[in-house]
Amino acid sequence: MSGDSRDINDLFDDIVLTEEKHARQGYAEGISDGRAQGNQEGYQLGYAQGVQLGEELGGIYGQVVAQQQLPHTEKLQRTLQQLRRLIEEFPRQNDPNQDIIGAVEHIRNTHRRLCALLGTKKGTVPKTEHTTQEPKDYSF
């Protein structure tokens, strides 16, 4: 006979408690792994969206800077200056108190207004007067 004089009920309790312990441990590991995977997917999605937004705002900013070099009405100059300021003040830090979506919409709406004032479609540059010079041939 073995030196273990434990009651059979104690042995069953140990088995049940061990099973519960392993279930809790597996649950905790699953939560941890799920968070890690979710964070990675969220980071990748956020990064891709951030790059697209940066390209969009950079394109608008370039258009604004180029247009500011040309003579325009006072109203159009004010709109250009407002749009430039909105882009320059766009949040560049991850601050949960910033309304990034609202800021993007404000920039897009102001850009639409600028395009209407310029008489262009969104994202296009207005045509300038044609010169009488022949087109240059860049072929070799």
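First, a word on what this report is: a plain description of the structure on this page. (Residues numbered from 1 in each chain as written. Predicted model: local features only at pLDDT ≥ 70, side-chain atom pairs only at ≥ 80, totals over all residues. Heavy atoms only, no water.)

### Regarding the layout of surface pockets
Line of reasoning, step 1. In this structure, the largest pocket spans a volume of roughly 200 Å³.
Line of reasoning, step 2. Lining the largest pocket are Tyr43, Gly46, Tyr47, Gln49, Gly50, Val51 and Leu53.
Line of reasoning, step 3. Partitioning the lining of the largest pocket into residue classes produces 4 nonpolar, 3 polar and no charged. (1 Å grid on protein atoms, 1.4 Å probe; cavity = no way out; pocket = protein on both sides within 12 Å on 5 of 7 lines; lining within 4 Å. Points joined across faces, edges and corners; volume = space filled by probe spheres on them. Nonpolar A, V, L, I, M, F, W, Y, C, P; charged D, E, K, R; others polar.)

### With respect to the pattern of salt bridges
Line of reasoning, step 1. For the coordinates displayed, the defined rule picks out 5 salt bridges.
Line of reasoning, step 2. The salt bridge involving Glu88 is made with Arg84; its shortest N-O contact spans 3.1 Å. A residue pair is termed a helical-turn pair when its members lie 3 or 4 positions apart in one helix, as Glu88 and Arg84 do in helix H2 (residues 74–88) at 4 residues.
Line of reasoning, step 3. Given a relative accessible area of 41%, Glu88 falls into the partly exposed group. (Salt bridge = Lys/Arg side-chain N within 4 Å of Asp/Glu carboxyl O. Helix = DSSP H or I, 4+ residues; strand = E, 2+ residues; numbered from the N terminus. Buried < 20%, exposed > 50% of the residue type's maximum accessible area, 1.4 Å probe, protein only.)

### What about the nonpolar core?
Side chains of a nonpolar character, in soluble globular proteins, are inclined to be buried together.
Line of reasoning, step 1. Of all hydrophobic cores here, the largest spans 14 residues; its most connected members are Ile60, Val64, Leu83, Phe90, Ile107 and Leu114.
Line of reasoning, step 2. Taken together, the elements giving at least two residues each to this core come down to helix H1 (8–68), H2 and helix H3 (100–118).
Line of reasoning, step 3. Per element, the largest residue contribution to this core is 5 residues, and it comes from H2.
Line of reasoning, step 4. Discounting chain neighbours no more than four positions away, the residues touching Ile107 are Leu57, Ile60, Leu83, Leu86, Ile87 and Phe90. (Core = buried A, V, L, I, M, F, W, Y, C linked by side-chain atoms within 4.5 Å. Contact = heavy atoms within 4.5 Å.)

No statement about biological role is implied by the geometric values presented.
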